[in-house]
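Chain by chain, the residues:
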Amino acid sequence: LPFLEARCLECHGERATKGGLDLRAWRSAAAARADLELLALVRRRLEAGEMPPEERARPTREELAAALGWIDAA
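Bear in mind that the values here come from a model prediction, so they are computed numbers and not experimental data. (Residues numbered from 1 in each chain as written. Predicted model: local features only at pLDDT ≥ 70, side-chain atom pairs only at ≥ 80, totals over all residues. Heavy atoms only, no water.)

Chemist: Please provide a residue-by-residue account of the nonpolar core, values included.
Modeler: The biggest cluster of nonpolar side chains holds 15 residues, and the ones touching the most others in it are Leu4, Leu23, Trp26, Leu39, Val42 and Leu46. Elements represented by at least two residues in this core include exactly helix H1 (2-8), helix H3 (36-48) and helix H4 (61-73). When residues no more than four places from it in sequence are discounted, the contact partners of leucine 39 are Trp26, Ala32, Ile71 and Ala74. (Core = buried A, V, L, I, M, F, W, Y, C linked by side-chain atoms within 4.5 Å. Buried < 20%, exposed > 50% of the residue type's maximum accessible area, 1.4 Å probe, protein only. Helix = DSSP H or I, 4+ residues; strand = E, 2+ residues; numbered from the N terminus. Contact = heavy atoms within 4.5 Å.)

Chemist: Give a description of the environment of arginine 43 that names residues and reports values.
Modeler: Structurally, arginine 43 is set in helix H3. With twelve residues separating them in the primary sequence, arginine 43 and alanine 31 have C-alpha atoms 15 Å apart. Ignoring any residue separated from it by four or fewer positions in sequence, one finds arginine 43 in contact with Leu68, Ile71 and Asp72.

Chemist: Provide a residue-level description of the pattern of salt bridges, including the pertinent values.
Modeler: Applying the stated criterion across every chain yields a total of eight salt bridges. Taking the shortest distance from any N to any O, the salt bridge between glutamate 10 and arginine 15 comes out at 3.4 Å. Residue glutamate 10 is classed as partly exposed on the basis of its relative accessible area, which comes to 32%. In this structure, arginine 24 engages aspartate 22 in a salt bridge whose closest nitrogen and oxygen atoms are separated by 2.4 Å. Take arginine 24: its relative accessible area is 42%, and that puts it in the partly exposed class. (Salt bridge = Lys/Arg side-chain N within 4 Å of Asp/Glu carboxyl O.)

That's the geometry; what it means functionally is another story.
What follows is the structure, given as structure tokens:
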């Protein structure tokens, strides 16, 4: 959740839903598991470095590892 709040929700839920993606429902692993296809897409984009976009603050390796671990656990 801290990663989502810091790196994702401004563009994908709070102020906008860029790309039609709204992640506000992902407040728990169970909520994320509700759409495994989307969860896999988000994971691929994070791992490839596509998200957050280059003009936004980049996560540290530790932050990214924690986010990917959370997704994998979900």
